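Notes for the structure review
The lines below spell out each chain.
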Amino acid sequence: AENPHNAWVWRCDVTGSGEGPLVGHEVALKDVIPVAGQPMTAGSAVLEGFTPAFDATVVTRVLDAGGRVTGIATTEDMCLSGASVSASTGQVRNPRDPSRSAGGSSSGVAALVASGMVDSGIGADQGGSIRIPSSLCGVYGLKPTYGLVPYTGCGPIDPSLDHLGPIAGSAEALA
(Lines give C-alpha, C1' and ligand atoms only; values in the text may rest on other atoms or scores of the structure.)
Protein backbone atom coordinates (compact mmCIF):
# COMPACT_ATOMS: atom_id res chain seq x y z
CA ALA A 1 0.00 0.00 0.00
CA GLU A 2 2.93 2.36 0.65
CA ASN A 3 4.43 1.63 -2.78
CA PRO A 4 1.44 1.23 -5.12
CA HIS A 5 3.41 1.82 -8.34
CA ASN A 6 6.60 0.02 -7.27
CA ALA A 7 8.37 3.35 -7.70
CA TRP A 8 10.27 3.34 -4.39
CA VAL A 9 13.40 1.27 -3.87
CA TRP A 10 14.11 2.76 -0.48
CA ARG A 11 12.42 5.34 1.75
CA CYS A 12 14.50 7.68 3.86
CA ASP A 13 14.30 11.13 5.39
CA VAL A 14 17.38 13.26 4.86
CA THR A 15 16.59 16.84 5.79
CA GLY A 16 18.33 19.83 4.29
CA SER A 17 19.68 23.04 5.74
CA GLY A 18 16.37 24.59 6.79
CA GLU A 19 16.76 27.58 4.51
CA GLY A 20 16.78 28.15 0.79
CA PRO A 21 14.45 27.84 -2.20
CA LEU A 22 13.67 24.13 -1.56
CA VAL A 23 12.56 24.37 2.09
CA GLY A 24 9.58 22.08 2.59
CA HIS A 25 10.18 20.45 -0.80
CA GLU A 26 10.26 16.62 -0.90
CA VAL A 27 12.64 15.16 -3.48
CA ALA A 28 13.09 11.61 -4.80
CA LEU A 29 16.40 10.59 -6.34
CA LYS A 30 16.98 8.08 -9.12
CA ASP A 31 18.75 4.96 -7.89
CA VAL A 32 22.11 5.97 -9.42
CA ILE A 33 22.49 9.08 -7.26
CA PRO A 34 24.34 8.17 -4.06
CA VAL A 35 23.15 9.38 -0.69
CA ALA A 36 25.49 8.58 2.19
CA GLY A 37 24.17 5.72 4.29
CA GLN A 38 21.28 4.87 1.91
CA PRO A 39 21.26 1.76 -0.32
CA MET A 40 21.99 2.18 -4.05
CA THR A 41 21.46 -0.59 -6.61
CA ALA A 42 21.21 1.13 -10.01
CA GLY A 43 18.20 -1.12 -10.52
CA SER A 44 20.37 -4.22 -10.54
CA ALA A 45 20.70 -7.29 -8.32
CA VAL A 46 24.46 -7.01 -8.96
CA LEU A 47 24.71 -4.02 -6.60
CA GLU A 48 22.31 -5.36 -3.96
CA GLY A 49 23.74 -4.59 -0.51
CA PHE A 50 25.85 -1.62 -1.66
CA THR A 51 25.59 1.48 0.54
CA PRO A 52 27.49 4.61 -0.52
CA ALA A 53 29.57 6.45 2.08
CA PHE A 54 29.19 9.83 0.35
CA ASP A 55 26.63 12.14 -1.23
CA ALA A 56 26.73 12.98 -4.91
CA THR A 57 27.27 16.69 -5.61
CA VAL A 58 23.62 17.13 -6.63
CA VAL A 59 22.48 15.71 -3.26
CA THR A 60 24.63 18.22 -1.41
CA ARG A 61 23.12 21.01 -3.53
CA VAL A 62 19.53 19.86 -2.89
CA LEU A 63 20.16 19.65 0.86
CA ASP A 64 22.01 22.99 0.94
CA ALA A 65 18.98 24.57 -0.79
CA GLY A 66 16.73 23.26 2.01
CA GLY A 67 15.29 20.24 0.20
CA ARG A 68 14.33 17.00 1.91
CA VAL A 69 15.31 13.69 0.28
CA THR A 70 12.46 11.28 1.03
CA GLY A 71 13.67 8.28 -0.90
CA ILE A 72 15.44 6.48 -3.68
CA ALA A 73 13.35 5.82 -6.79
CA THR A 74 13.34 2.70 -8.95
CA THR A 75 15.35 2.69 -12.15
CA GLU A 76 15.81 0.20 -14.92
CA ASP A 77 18.58 -2.38 -14.52
CA MET A 78 21.80 -0.36 -14.91
CA CYS A 79 19.63 2.34 -16.54
CA LEU A 80 19.61 0.45 -19.83
CA SER A 81 15.92 0.36 -20.78
CA GLY A 82 13.27 2.87 -21.72
CA ALA A 83 10.38 0.49 -21.08
CA SER A 84 10.02 0.21 -17.28
CA VAL A 85 10.39 -3.58 -17.25
CA SER A 86 13.94 -4.49 -16.15
CA ALA A 87 14.44 -3.19 -12.59
CA SER A 88 15.49 -5.92 -10.16
CA THR A 89 12.60 -4.87 -7.90
CA GLY A 90 10.03 -5.28 -10.70
CA GLN A 91 8.11 -3.15 -13.13
CA VAL A 92 7.15 0.42 -12.25
CA ARG A 93 3.46 1.06 -12.94
CA ASN A 94 2.30 4.28 -14.56
CA PRO A 95 0.14 6.13 -12.01
CA ARG A 96 -2.01 7.63 -14.79
CA ASP A 97 -2.85 4.16 -16.13
CA PRO A 98 -1.29 1.12 -14.41
CA SER A 99 -1.76 -0.97 -17.56
CA ARG A 100 0.75 1.25 -19.38
CA SER A 101 4.50 1.67 -19.10
CA ALA A 102 5.99 4.35 -16.86
CA GLY A 103 8.91 4.56 -19.30
CA GLY A 104 12.52 4.49 -18.30
CA SER A 105 14.98 4.63 -17.08
CA SER A 106 13.98 7.30 -14.51
CA SER A 107 10.60 5.54 -14.23
CA GLY A 108 10.38 5.65 -10.44
CA VAL A 109 11.02 9.38 -10.18
CA ALA A 110 8.41 10.21 -12.84
CA ALA A 111 5.83 7.87 -11.28
CA LEU A 112 6.38 9.34 -7.80
CA VAL A 113 5.99 12.90 -9.08
CA ALA A 114 2.90 11.98 -11.14
CA SER A 115 1.27 10.27 -8.15
CA GLY A 116 1.95 13.26 -5.87
CA MET A 117 4.14 11.25 -3.50
CA VAL A 118 6.97 13.81 -3.90
CA ASP A 119 7.16 17.39 -5.09
CA SER A 120 9.95 16.69 -7.55
CA GLY A 121 12.87 14.44 -8.26
CA ILE A 122 16.22 14.18 -9.92
CA GLY A 123 16.60 11.77 -12.81
CA ALA A 124 19.53 10.81 -15.01
CA ASP A 125 19.40 10.93 -18.80
CA GLN A 126 21.74 9.50 -21.38
CA GLY A 127 19.31 8.66 -24.19
CA GLY A 128 15.88 9.82 -23.04
CA SER A 129 15.81 8.55 -19.46
CA ILE A 130 14.31 11.75 -18.03
CA ARG A 131 12.25 12.73 -21.05
CA ILE A 132 10.59 9.36 -21.81
CA PRO A 133 9.15 8.60 -18.35
CA SER A 134 8.19 12.24 -17.81
CA SER A 135 6.16 12.31 -21.00
CA LEU A 136 4.57 8.88 -20.40
CA CYS A 137 3.59 9.77 -16.82
CA GLY A 138 2.30 13.24 -17.75
CA VAL A 139 4.83 15.32 -15.82
CA TYR A 140 7.65 17.68 -16.78
CA GLY A 141 11.26 16.61 -17.20
CA LEU A 142 14.34 18.46 -18.35
CA LYS A 143 17.62 17.19 -19.73
CA PRO A 144 19.68 20.31 -19.13
CA THR A 145 22.71 21.52 -21.03
CA TYR A 146 25.65 19.17 -20.57
CA GLY A 147 27.49 19.96 -17.33
CA LEU A 148 24.88 22.39 -15.95
CA VAL A 149 23.90 19.91 -13.22
CA PRO A 150 27.04 18.09 -12.04
CA TYR A 151 27.00 14.31 -12.41
CA THR A 152 29.88 14.03 -9.92
CA GLY A 153 29.63 10.92 -7.75
CA CYS A 154 26.73 9.30 -9.62
CA GLY A 155 26.73 5.88 -11.24
CA PRO A 156 27.96 6.57 -14.77
CA ILE A 157 27.11 5.07 -18.12
CA ASP A 158 29.38 7.29 -20.24
CA PRO A 159 30.81 10.63 -19.13
CA SER A 160 30.15 12.14 -22.55
CA LEU A 161 26.41 11.28 -22.28
CA ASP A 162 25.57 11.47 -18.57
CA HIS A 163 23.14 14.20 -17.51
CA LEU A 164 21.17 14.82 -14.31
CA GLY A 165 17.99 16.85 -14.42
CA PRO A 166 14.76 17.65 -12.62
CA ILE A 167 11.34 16.04 -12.94
CA ALA A 168 8.35 17.94 -11.53
CA GLY A 169 4.59 18.28 -11.80
CA SER A 170 4.59 21.71 -13.46
CA ALA A 171 6.84 23.90 -15.55
CA GLU A 172 7.09 26.34 -12.64
CA ALA A 173 8.19 23.61 -10.20
CA LEU A 174 10.65 22.31 -12.81
CA ALA A 175 12.27 25.75 -13.04
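Up top is the structure.
Residues numbered from 1 in each chain as written. Predicted model: local features only at pLDDT ≥ 70, side-chain atom pairs only at ≥ 80, totals over all residues. Heavy atoms only, no water.

A word on a nonpolar patch on the surface
- A contiguous nonpolar surface patch, about 390 Å² in accessible area, is contributed by Val46, Met78, Leu80 and Ile157.
- Residue classification places Leu80 among the exposed residues on the basis of a relative accessible area of 65%. (Patch = residues over 30% accessible without salt bridge, like charges linked within 9 Å, V, L, I, M, F, W, Y side chains within 5 Å. Areas by Shrake-Rupley, 256 points an atom, 1.4 Å probe, with all protein chains shown as cover. Salt bridge = Lys/Arg side-chain N within 4 Å of Asp/Glu carboxyl O. Buried < 20%, exposed > 50% of the residue type's maximum accessible area, 1.4 Å probe, protein only.)

Looking at the sheet that holds strand E1 (residues 8-15)
- Ordered in space as E1-E3-E2-E4-E6-E5, the six strands form an open sheet in which the pairing is mixed. Sheet topology places E1 and strand E5 (140-141) at the edges, where each strand pairs with a single neighbour.
- Of the strand pairs in this sheet, strand E2 (residues 26-30) and strand E3 (residues 68-73) are connected by five bridges, and their pairing is parallel. Bridge pairing in E3 places Val27 opposite Val69. (Pairing = 2+ DSSP bridges. Helix = DSSP H or I, 4+ residues; strand = E, 2+ residues; numbered from the N terminus.)

Some remarks on unusual backbone geometry
- The linkage connecting Gly104 with the following residue, Ser105, adopts the cis geometry, with an omega of 10°.
- Tracing the chain through its elements places Ser105 in the loop between E3 and helix H2 (107-114).
- Phi angles above zero are rare outside glycine, and Ser84 is one such case at about 65°.
- Take Ser84: it is sitting in the loop between E3 and H2.

A short note on the side chain of Asp162
- In this structure, Asp162 sits in the loop between E5 and strand E6 (163-168).
- Buried charge without a salt bridge: Asp162, with Lys30 as the nearest opposite-charge side chain at an N-O distance of 8.7 Å.
- A distance of 3.3 Å separates the side chain of Asp162 from the backbone nitrogen of Ile157, its partner in a polar contact.
- With sequence-adjacent residues up to four places away left out, Asp162 is seen in contact with Asp125, Gln126, Tyr146, Tyr151, Pro156 and Ile157. (Lys, Arg positive; Asp, Glu negative; His and termini not counted. Polar contact = N/O pair within 3.5 Å; in protein donor to acceptor, adjacent residues only side chain to side chain. Contact = heavy atoms within 4.5 Å.)

Remarks on the state of the cysteines
- Within this structure, the stated rule accounts for zero disulfides.
- The structure places no disulfide on Cys154, whose sulfur is separated from the nearest cysteine sulfur, that of Cys79, by 9.9 Å.
- Given a relative accessible area of 8%, Cys154 falls into the buried group. (Disulfide = S-S within 2.5 Å.)

Looking at the nonpolar core
- Formed by 20 residues in total, the largest nonpolar core has its most connected members in Leu29, Val32, Ile33, Val58, Val59, Ile122 and Leu164.
- When contributions to this core are tallied by element, the ones reaching two or more residues are E2, helix H1 (57-64), E3 and strand E4 (120-125).
- With residues up to four places along the chain from it excluded, the contact list for Ile122 reads Val27, Ala28, Leu29, Lys30, Ile33, Val58, Val109, Leu164, Gly165 and Pro166.
- Of all hydrophobic cores here, the second largest spans 17 residues; its members include Ala110, Ala111, Leu112 and Ile130. (Core = buried A, V, L, I, M, F, W, Y, C linked by side-chain atoms within 4.5 Å.)

Comments concerning the environment of Ala171
- Assignment of secondary structure puts Ala171 in helix H4 (residues 171-174).
- Assessed through its relative accessible area of 46%, Ala171 is described here as partly exposed.
- Here the alpha-carbon distance between Ala171 and Gly49, two residues 122 residues apart in the chain, equals 36 Å.

Points about H2
- Buried residues dominate H2, accounting for eight of its eight residues.
- Among all positions in H2, only Ser107, Gly108, Val109, Ala110, Ala111, Leu112, Val113 and Ala114 are buried.
- Buried residues along H2 sit against E1, E2, E3, E4, helix H3 (131-137) and E6.
- Phi turns positive one or two residues past the end of H2, at Gly116, with a value near 80°.

A look at the packing of aromatic side chains
- Counting across every chain of the model gives zero aromatic pairs.
- Above the face of the Trp8 ring, Arg11 is positioned so that its terminal group lies 4.1 Å from the ring centre. (Phe/Tyr/Trp six-rings, centres within 6.5 Å; stacked < 30°, edge-to-face > 60°. Lys NZ or Arg CZ within 6 Å of the ring centre and 35° of its normal.)

Here's the deal with the pattern of salt bridges
- Under the defined criterion, the tally for this structure stands at four salt bridges.
- Note that Asp13 is salt-bridged to Arg68, the shortest N-O span being 2.6 Å. Taken as a pair, Asp13 in strand E1 and Arg68 in strand E3 lie far apart in primary sequence, 55 residues in all.
- The class for Arg68 is partly exposed, based on a relative accessible area of 30%.

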